[in-house]
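In case you want the letters, here they are:
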Amino acid sequence: MGKVIGIDLGTTNSLVAWMTPSGPQIVPDEEGRGLLPSCVAFDEAGKPVVGSVARQGKAAPAERTFFSIKRFMGRGLTDFTGELQYLPYPVAGDSRSVRFPVGSRSYTPVQLSAMILATLKRRAERFLGEFILNEVVITVPAYFNDAQRQATKDAGEMAGLDVLRIINEPTAAALAYGLDQKKEGTIAVYDLGGGTFDVSILRLEGGLFQVLATAGDNQLGGDNIDDLLTALFLAEIKQHHGLDLSDDRMWIGRLRRLAEEAKKDLSTQEMVRLQVDLPEGKLWDRYVTRNDFEQLIAPLVERTLGPCAQALKDAGLSAQAMDEVVLVGGSTRIPLVKARVAQLFGRTPHDELNPDEVVALGAAVQADVLAGGTKDVLLLDVTPLSLGIETLGGVMSRLIDRNNPIPCQARETFTTAVDGQTGIEVHVLQGEREIAQDNRSLARFTLTGFPPMPAGLPKVEITFLIDANGILRVTARELRSEVEARVEVRPSYGLGEDAIEQMLEDAYAHGEDDLIRRQLIEARVEAERRFPKAEELLAEMVAVVPAAALEPMQAALESLRGVCAEQDYKAINTAIEVLEESARPLVELRVNQATQSALGNASIDELLQKVEQARRQV
Ligand code: AMP
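Parameters and conventions
Residues numbered from 1 in each chain as written. Predicted model: local features only at pLDDT ≥ 70, side-chain atom pairs only at ≥ 80, totals over all residues. Heavy atoms only, no water. Phe/Tyr/Trp six-rings, centres within 6.5 Å; stacked < 30°, edge-to-face > 60°. Helix = DSSP H or I, 4+ residues; strand = E, 2+ residues; numbered from the N terminus. Lys NZ or Arg CZ within 6 Å of the ring centre and 35° of its normal. Axes fitted to C-alpha atoms, helices over the stretch in contact; angles between N-to-C directions. Parallel < 35°, antiparallel > 145°, perpendicular 65-115°, else oblique. Left-handed = near helix turned anticlockwise from the far one by under 90°. Contact = heavy atoms within 4.5 Å. Pairing = 2+ DSSP bridges. pLDDT = per-residue confidence, 0-100.

### Details of the packing of aromatic side chains
- For the coordinates displayed, the defined rule picks out 12 aromatic pairs.
- Each ring, one from phenylalanine 233 and one from tryptophan 284, has its centre 5.0 Å from the other, and the planes form 65°; the classification is edge-to-face. With a gap of 51 residues between them, phenylalanine 233 in helix H5 (residues 222–241) and tryptophan 284 in strand S17 (residues 283–289) connect regions that are remote in the sequence.
- An aromatic cluster of at least three residues, connected via ring pairs, comprises Phe42, Phe66, Phe67, Phe72, Phe80, Tyr89, Phe100 and Tyr107.
- In this structure, arginine 75 is placed above the aromatic ring of phenylalanine 80, and the distance from its NZ or CZ to the ring centre is 4.5 Å.
- The aromatic ring of phenylalanine 531 is capped on one face by arginine 561, whose charged end is 4.5 Å from the ring centroid.

### Some words on the packing of H5 against helix H6 (residues 249–265)
- At a closest axis distance of 8 Å, the pairing of H5 and H6 adopts a crossing angle of 120°. In terms of orientation, H5 and H6 fall into the oblique class. Between H5 and H6 lies a crossing whose hand is right-handed. Within the contact between the two elements, H5 uses Gly222, Asp223, Ile225, Asp226, Asp227, Leu229, Thr230, Phe233, Leu234 and Ile237 and H6 uses Ile252, Leu255, Arg256, Leu258, Ala259, Glu260 and Lys263.

### Some details on the environment of phenylalanine 42
- Residue placement: phenylalanine 42 occurs in strand S5 (residues 40–42).
- The spatial distance from the C-alpha of phenylalanine 42 to the C-alpha of alanine 213 is 39 Å, given a sequence separation of 171 residues.
- Residues within four places of phenylalanine 42 in sequence aside, it is in contact with Lys47, Pro48, Ala60, Arg64, Phe66, Val102, Tyr107, Leu112 and Met115.

### Remarks on the sheet that holds strand S22 (residues 395–400)
- Strand order in the open sheet made by the four strands is S22-S21-S25-S26, with antiparallel pairing throughout. Either end of the sheet is taken by a strand with one partner, and the two such strands are S22 and strand S26 (440–453). Shown here is a sheet whose adjacent strand axes are inclined to one another by a mean of 30°, direction ignored.

### Concerning the confidence of the model for the chain
- Here the chain shows a mean pLDDT of 88. Residues at 70 or above account for 92%.
- Within the chain, strand S4 (residues 36–37) carries the highest mean pLDDT (98), whereas strand S19 (residues 378–379) carries the lowest (53).

Okay, structure coming up:
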């Protein structure tokens, strides 16, 4: 049987794993290394070089060596503030996309990610030979939005892979530990990598995983620890040897590598010795104890606890309620990190597996399930923000709520507002605000070509479908004419964890005002809908009843017009009721007339049709 592979496409490193009879395993490269640095450099001839040669800066100068590509997936240039100025490579683009210029050419994050994925694919093909299918499961952070997931999927396809599923990294980590076998419980996944920190709270029920909440800090990780140690070394060298190396890029690079090595050694040793030949024949010789190190990094470790508390709060759970805690990311090897996590959750976290490999191993477990392996797990994720469309008056009509488990489908029927309309524009929105323009616009498309009908008669069914990869497809179909526009929504790029958080905060802050604005818009739309009908009725009845009989309705109509100009939705709703009440005797009269005129005819169907028409016109 062929193998489906699992890939962890990471910010710093990527891995590929497959399922063996004894469990999931990382596929090594020719030199036996599992990690592939997620780095792409372009050499003199413009040829891409992927992996450690690129990472070490041996393939090309810094301005043609691209790393942290994952941060740009599915995002626009305007989503980044400040962070870009520290990058050694150029970044171009617009509000919807990012491009990396290389000479006269430029590459998208999707293209560069595809090069990384293609390298992993070749690695798997060489190692597994004929067993490899081109099918793959790729992991993404739980907070990735539709655009970021779609970009990841596009990268896989560009690399010649058939992406069976995109799954969340914390879910993969839980799978690697076989936690799906427990059938029930809550799991905290603490992921401290090189550049980012993420914490996710998962619920496992009947073998299904749901992401209850995620939080994190995308500027916090092992790199910050390396920075701290490097700064300490520079200060000491200056103090003890009178050498200021803080402007010397070569020395900073050297000390930083030394810092990372010392940090790693201190995860298993109580003390490390640093001996460095400095310029001017000076020797720097110093011991760093684990205790020194822990004092230095304690504030950084503390900074991870805030997002943990936030995620627990969002999930409505206490730290003690966690049944399992899983560690992911190279920096969780640090004993102080493990100890603080254990203390926070009141239990020993899982650290039996290599924290760099956990996510890829979990992807292989899921890949095996999809390839028809023995295990039976289903993964359930949730939508991070609500999805809906813009309706009359510019309000958001929600079809899928935030935190809804995916895959899912929602369907609702809408109609036209104007007589003779032969098309409608569908504006797809994402967000929690009541007013359409306060939300994020994902896509617009038009359903055209249905026959002209009176307002309110067409039935346009809108279907939202989010597949297992979190990708949204919207279909609009006019049911009477069966005209359909089946549009795949390519969600516009640009929404990260911070933006999601901001949108939730805004929605919360404006909640009450938004609701009042929405009610006002809805009341006005309802009133507008009544005006032409009421006028039509009055005009029709002028010849039928004495003028005095029309007065109550005329007055009610006038008063409704008056309150519509004001801001009180309750007053508008009351005025609508008064108008309805005042119109009732006239409507009855009209229905009677229609019945009587129809009685002369033979067909009962015709009679019913006329009655229906008379009613509908009110
Ligand atoms: P990741 O992004 O998950 O690959 O994590 C990489 C980060 O983990 C880098 O900052 C590494 O320096 C750090 N790291 C790797 N091994 C260790 C170790 N033994 N002790 C401390 N940090 C480590």
